[in-house]
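One letter stands for each residue in the lines below.
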Amino acid sequence: MSSYSDIQKAVRVEKFRIWFAWVCGGWVALGVMNATKDVAVWGVVAQVVFLTLGVLFTVAAVRMTNALNRKAEAARKEVLGDL
């Protein structure tokens with residue numbers, strides 16, 4: 001059985017990966033939207049698509065973070081015997 005410290009470190013790393021990917025995706029989306037802003041129809045299409053994807057990816061990142069928090073809490077209870 002792994003210690004709670006190991007689980008906590010793994011959860012922290014996974015949360016960092018989730019949110020780092022979210023930030024990187026946001027920068028790419030901003031770059032694409034900035035590059036297409038002067039193209040009449042495609043600029044608007046890109047903005048709507050990336051806004052929608054941004055909201056969906058934000059919801060997914062929050063849900064993944066919450067799932068990791070629940071997993072860490074369950075591991076803490078198991079290690080400390082709070083079941």
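Everything that follows concerns the structure shown earlier in this document.
Attention here is on the structure that accompanies the text.

Definitions and cut-offs
Residues numbered from 1 in each chain as written. Predicted model: local features only at pLDDT ≥ 70, side-chain atom pairs only at ≥ 80, totals over all residues. Heavy atoms only, no water. Helix = DSSP H or I, 4+ residues; strand = E, 2+ residues; numbered from the N terminus. Buried < 20%, exposed > 50% of the residue type's maximum accessible area, 1.4 Å probe, protein only. Phe/Tyr/Trp six-rings, centres within 6.5 Å; stacked < 30°, edge-to-face > 60°. Expected span 1.5 Å × (residues − 1). Contact = heavy atoms within 4.5 Å.

### Overview of the environment of glycine 26
Turning to step 1, where the next piece is worked out: Here glycine 26 shows up in helix 1 (residues 4-35).
Turning to step 2, where the next piece is worked out: Under the relative-accessibility criterion, glycine 26 is labelled partly exposed at 27%.
Turning to step 3, where the next piece is worked out: For the pair glycine 26 and leucine 51, spaced 25 residues apart in sequence, the C-alpha to C-alpha distance is 9.7 Å.

### Here's the deal with the packing of aromatic side chains
Turning to step 1, where the next piece is worked out: Taken as a whole and assessed by the stated rule, the structure comprises two aromatic pairs.
Turning to step 2, where the next piece is worked out: Note on phenylalanine 16 and phenylalanine 20: the rings are 5.7 Å apart at their centroids and 15 degrees apart in plane angle, and the pair reads as stacked. With a gap of four residues between them, phenylalanine 16 and phenylalanine 20 both fall in helix 1, about one helical turn apart.
Turning to step 3, where the next piece is worked out: What makes phenylalanine 16 exposed here is its relative accessible area of 58%.
Turning to step 4, where the next piece is worked out: Residues tryptophan 19 and tryptophan 22 carry aromatic rings whose centres are separated by 5.4 Å and whose planes lie at 75 degrees to one another, so their mutual orientation is edge-to-face. With tryptophan 19 and tryptophan 22 both in helix 1, this residue pair falls three residues apart, about one helical turn.
Turning to step 5, where the next piece is worked out: Owing to a relative accessible area of 28%, tryptophan 19 belongs among the partly exposed residues under this scheme.

### Structural notes on helix 2 (residues 40-80)
Turning to step 1, where the next piece is worked out: A rise of 1.5 Å per residue sets the reference length of helix 2, with its 41 residues, at 60 Å; its end C-alpha atoms lie 60 Å apart and thus fit the reference within 8%.
Turning to step 2, where the next piece is worked out: If you check which residues of helix 2 are buried, you get Gly43, Ala46, Ala61, Thr65, Leu68, Ala72 and Ala75.
Turning to step 3, where the next piece is worked out: As for helix 2, its buried residues are in contact with helix 1.
Turning to step 4, where the next piece is worked out: The positive-phi residue at the C-terminal boundary of helix 2 is glycine 81, with phi of around 75 degrees.

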